[in-house]
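Summary of structural features
Chain residues, written in single-letter form:
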Amino acid sequence: MEGDSSNAPTSDVRSFNIFELNASFNKFLRIDEADKQILKFYCHLLLEGDERFAHLFYDYLLAFPATSKILKQYQADTGALDKLVQKQLQHLRTLLSGDTSDASAQVLAHIGQVHHVHNIEPVWLMGAYQLYLDHLKALIKANEAILEADRMTLENAISKFLFRDIGLMLQGYWCAATQQLQAETNKASVLQGQITSLLANIPQILWSIDVKSNQPLYISPVSREVCNMDIEMPIPCMNWTHPDDRGHVRLAWEKALSGQQVEVESRVRDADGEERWFRRVFHPYKDTLGNVVRVDGIMDETTIIKQTIERLNVLATTDSLTGLPNRALLYDRLHQAIAAAKRDDKRQTVLMMMDLDHFKEINDTLGHPAGDEVLRQVATRLGRLLRDSDTLARLGGDEFAVLLPDVLDAKKAAKNIAKSILASFSEPFWFGEHELFLGVGIGIALYPGHGDNVDALMKRADVAMYSAKHKDEAFQFYNPRSDPNTQNRLQLGSELRHALERGELVLHYQPKIDLNTGRIYGVEALIRWNHPEHGLIYPDQFIIHAERCGLISPITNWVIQTALDQCQDWNKQGIDLSVAVNISAPAFQNPNLVDHLHEVLKQNGSCIMAGRFEIEITENILMADIEHGSRVVKQISDLGATVSIDDFGTGYSSLAYLKKLPINSIKVDKSFVLNMADDENDAIIVRSTIDLAHNLGHNVVAEGVENRQTLDMLKELGCDNAQGYYMSRSLPASELTTWLSASLWGMKPGKK
Ligand code: C2E
Ligand code: MG
Ligand code: MG
């Protein structure tokens, strides 16, 4: 078969020494002059019918499936199949010419090379030479012009030249194949070099392990940095892994061996002894039968991710100002405490919520750095009172919470801690040279008594705290009766909406006595709800709810209107009494309050002109927003009403403001007055309050006078006015008129 020798060879045949080989091969085949001569002599006879032979040769090749396929491919690649017959003839002629030159050797090697390029397998070359041989043998046999004596010699010569042809052509073929192999080997080794350096540059440790022999197939060099290349088999870096983590790494390896891809994280002590976090991923590799034969793996460091997650966790669960647990962490611990207590019924849990009094004032007057500093000091101080297993959390603003898990007598534990918290607040806090005294309101909810889940306990501790603050008590346990959220209360809440329209709200009036004259000079209007089923309900039970559900303003308006109507009524009857009404925080903050007062007072001019209408607000309401408070107090006073500060002593007043504001009187809170006859401290507080109020130019009313002794003491201390059960409880308007005429404190002059 003849290839297209014009089709330039891609590899260089001269890479082996063809000249040397040609000479040596010719010698080996014992080609001598006699062979050449006899060929030259009979050449013309041997070429008889050569064209016909060439055509038959190709017909044969085209009829045979394997060779036909090769030729068709050759035609597709070069489009030169028809030229092959001529080339074939040329080749035959050259072969029979007895040429053993180096040039002929080179052409033969090149033809072999072209065959390789066209993917013509050597067996078909051998087959083609067999066809040549058959053809030439038949010619020799049939041609009588060839001498009998020369026939053997001629056949031998032909056979030597045929083998030379085959040998040199296969040599070219082999040479091209070797060169191609070499080129591909070179390419593969370049690629391998690139892959190796790529793997070496990957910061993760990579490996591949033969699981039958437990021998590594590959380990990336970066493992040196982590475990000093000490890759014990079969799990890389196992000896460097933290002993506590080895168990789950082994488990992951077992899973990989069973065919699962697994990920496992563990601590690894590196060559420098530093503990670092690593994630290993095991990828099992299966053979065609589905058996795991190899496990490839990657091991990368997760220390920074771990640390970041830990930091985020701390941030998510810690209050940044005080470093205390935040609300989220408190919820979590409360949840755990309740769960533990549910498992063991001897365990109980206490949740306390605390709100600082007057904290806003510190921020407003001394600035936020002062507020922040005080919060930090509160955190430190409270922290000292607790066990390690307790949780002190800051919920935000000036709100803190204490969780006492696992206590045997929750009520007792809560009381003890509440008392120590209160005692710790008797010491001042400091900001620079400023000495700051703070109050605190504590609400307490207990598990199992007050709720069996986190939300219920949180809500109920909050209700208790609100109630403690509202009643100005230091701490309160949750009491369902004053919880506006309980079903009972909710029911009352919706009924309260209709109470106004149905005329169920009433005012009772409690006399206030002028201590100089011993006579009543005014009354305080106190609201009651005359409930059709529950009877008389006192304000402590429903005012909180009215405040929370937006009913306090209409109720306040009704109170003002009713009290003024009553005042007018008495006036008409010749009863000259001032009437005081209580305004709670949300009503005081309502921007329409002053307008409403203005409207109502216009219609009841006579009462006002005589200074007979009074508004009572607590000092906390006033101080909550001192600027707004002062503005409203002035506006009320401009309308002709008087203003008094209720429950004085339970809050935190700025004396400077009290001095400036148009305040008529200060009402000393009943908690000091009730026991002042027996309690020296209370007596001192009352005396100081009286002195202070007088110095500021204000009148003093003592509320909660329950006995004669207290009344006498107050008179002695120079107190101006008094209110209390000793003189009279609050009474409906009709009963008050009777009381006025019957009582020694009544309007008529008399002796007390
Ligand atoms: P407050 O303004 O300090 O009213 C005085 C409270 O002390 C009244 O309780 C009165 O009955 C009680 N009290 C008077 N003398 C004595 C005494 O000698 N001993 C004792 N133990 N208590 C005495 P009340 O009527 O239950 O009212 C409680 C609070 O409810 C009031 O305290 C006031 O803050 C609020 N309140 C009453 N009426 C209204 C109202 O119409 N609107 C608003 N917003 N709050 C009201
Ligand atoms: Mg009052
Ligand atoms: Mg009061």
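Residues numbered from 1 in each chain as written. Chains lettered and ligands numbered in written order. Predicted model: local features only at pLDDT ≥ 70, side-chain atom pairs only at ≥ 80, totals over all residues. Heavy atoms only, no water.

Observations regarding the overall build of the protein
Across its full length, the protein carries 29 helices and 22 strands. Since a compact globule built from 752 residues should have a radius of gyration of about 27 Å, the 56 Å found for the protein marks it as more spread out than a globular shape. Projecting the C-alpha coordinates of the protein onto the three principal axes gives extents of approximately 180 × 55 × 50 Å. Taking all 752 residues of the protein together, the buried fraction comes to 48%. A total accessible area of about 37,200 Å² is found for the protein, and carbon and sulfur atoms account for 52% of it. For the protein, the distance from the average position of its 75 positive side-chain charges to the average position of its 99 negative side-chain charges is 3 Å. (Helix = DSSP H or I, 4+ residues; strand = E, 2+ residues; numbered from the N terminus. Rg over C-alpha atoms; globule rule 2.2 N^0.38 Å. Buried < 20%, exposed > 50% of the residue type's maximum accessible area, 1.4 Å probe, protein only. Areas by Shrake-Rupley, 256 points an atom, 1.4 Å probe, with all protein chains shown as cover. Lys, Arg positive; Asp, Glu negative; His and termini not counted. Charge placed at Lys NZ, Arg CZ, Asp CG, Glu CD.)

What to know about the coordination of the magnesium ion (ligand 2)
The protein atoms that coordinate the magnesium ion (ligand 2) are Glu524 (OE), Asn582 (OD1), Glu616 (OE) and Asp646 (OD), at distances of 2.1 to 2.2 Å. In the primary sequence, the donor residues of the magnesium ion (ligand 2) line up as E-x57-N-x33-E-x29-D. Here the magnesium ion (ligand 3) and the magnesium ion (ligand 2) are spaced 4.1 Å from one another, each receiving a donor from Asp646. Taken as a pair, Asn582 in strand 16 (residues 578–582) and Glu616 in strand 17 (residues 613–618) lie far apart in primary sequence, 34 residues in all. (Donors = N, O, S within 2.8 Å, 3.2 Å for Na, K, Ca; no water.)

So, the site of ligand 1
Taken together, 23 residues form the shell around ligand 1, and within it Arg528, Asn582, Asp646, Glu706 and Tyr725 come nearest. Glu703 has a polar side-chain atom sitting 3.5 Å from an oxygen atom of ligand 1. Considered on its own, ligand 1 offers 790 Å² of accessible surface; in the complex 88% of this is hidden by protein. Looking at the shell around ligand 1, the elements that each hand over two or more residues are strand 14 (519–531), helix 18 (539–548) and strand 18 (642–648). For the shell around ligand 1, the leading source of residues is strand 14, giving 4 residues. (Near = heavy atom within 4 Å. Polar contact = N/O pair within 3.5 Å; in protein donor to acceptor, adjacent residues only side chain to side chain.)

Brief notes about the coordination of the magnesium ion (ligand 3)
Protein ligation of the magnesium ion (ligand 3) involves Asp646 (OD), Asp647 (OD), Glu703 (OE) and Glu703 (OE), the donor distances falling in the range 2.0 to 2.6 Å. Between consecutive donor residues of the magnesium ion (ligand 3), the sequence gaps follow D-D-x55-E. The exposure class assigned to Asp646 is buried, which follows from its relative accessible area of 6%.

Focus: the sheet that holds strand 3 (residues 262–269)
The antiparallel open sheet is built from 5 strands, whose spatial order is 2-1-5-4-3. Two strands bound the open sheet, and with one partner strand each, they are strand 2 (215–219) and strand 3. On average, each strand axis in the sheet is tilted by 25° relative to the strand beside it, whichever way the strands run. Pairing of strand 3 with strand 4 (residues 275–286) involves 8 bridges; the strand directions are antiparallel. Across the sheet, residue Ser266 finds its bridge partner in strand 4, namely Phe278. (Pairing = 2+ DSSP bridges. Axes fitted to C-alpha atoms, helices over the stretch in contact; angles between N-to-C directions.)

Focus on the environment of Glu427
Position of Glu427 relative to the elements: it lies in the loop between helix 15 (410–424) and strand 9 (429–431). When the C-alpha atoms of Glu427 and Phe437 are compared, they prove to be 7.1 Å apart, with 10 residues separating the residues in sequence. The residues contacting Glu427, other than those within four sequence positions of it, are Arg381 and Phe437. (Contact = heavy atoms within 4.5 Å.)

Remarks on the sheet that holds strand 11 (residues 439–447)
Backbone hydrogen bonds hold the strands of a sheet together, and the pairing may be parallel or antiparallel. One open sheet holds the 5 strands; their spatial order is 7-8-6-11-12, and the pairing between them is mixed. Two strands lie at the open edges of the sheet, namely strand 7 (391–396) and strand 12 (475–477), each paired on one side alone. Mean inter-strand twist for the sheet, computed between neighbouring axes without regard to direction, equals 20°. Summarising the sheet, strand 6 (residues 348–357) and strand 8 (residues 399–407) pair through 7 bridges and their orientation is antiparallel. Paired with Asp355 across the strands is Glu399, a residue of strand 8. Against the sheet, helix 12 (residues 327–343) contacts strand 6, strand 7, strand 8 and strand 11, and its axis sits at roughly 20° relative to strand 8. The strands that helix 15 touches are strand 6, strand 8, strand 11 and strand 12; relative to strand 11, the one it contacts most, it runs at about 165°.

A short note on the pairing of strand 11
For strand 11, the buried fraction is high: 8 of the 9 residues fall into the buried class. The sheet contact formed by strand 6 and strand 11 spans 9 bridges and is antiparallel. Across the sheet, the residue bridging to Thr349 is Tyr447, located in strand 11. Relative to strand 12, strand 11 runs parallel, the two being bridged by 3 bridges. Bridged to Gly443 within strand 12 is Gln476.

A word on the packing of aromatic side chains
Taken as a whole and assessed by the stated rule, the structure comprises 14 aromatic pairs. Seen in terms of ring centroids, Phe57 and Tyr132 are 5.7 Å apart; in terms of plane orientation they differ by 65°. Their pairing is edge-to-face. One end of the pair, Phe57, is in helix 3 (residues 50–63); the other, Tyr132, is in helix 7 (residues 122–142), and 75 residues separate them in sequence. According to the relative accessible area criterion, Tyr132 is buried, its value standing at 2%. Following the ring pairs from residue to residue traces out a cluster consisting of Phe53, Phe57, Tyr58, Tyr129 and Tyr132. (Phe/Tyr/Trp six-rings, centres within 6.5 Å; stacked < 30°, edge-to-face > 60°.)

Section: the pattern of salt bridges
A pair can form between side chains of opposite charge whenever their charged atoms are brought close. Following the criterion strictly, the structure yields 27 salt bridges and no others. The closest approach of N and O atoms between Asp406 and Arg347, which form a salt bridge, is 3.5 Å. With a gap of 59 residues between them, Asp406 in strand 8 and Arg347 in the loop between helix 12 and strand 6 connect regions that are remote in the sequence. Accessibility expressed as a relative area gives 41% for Asp406, which makes it partly exposed. Between Lys667 and Glu703 there is a salt bridge, and its shortest N-O distance comes to 3.6 Å. Separated by 36 residues along the polypeptide, Lys667 in strand 19 (residues 665–668) and Glu703 in strand 20 (residues 699–703) bring together distant segments of the chain. (Salt bridge = Lys/Arg side-chain N within 4 Å of Asp/Glu carboxyl O.)

Functional significance is not addressed by these values, which are geometric in nature.
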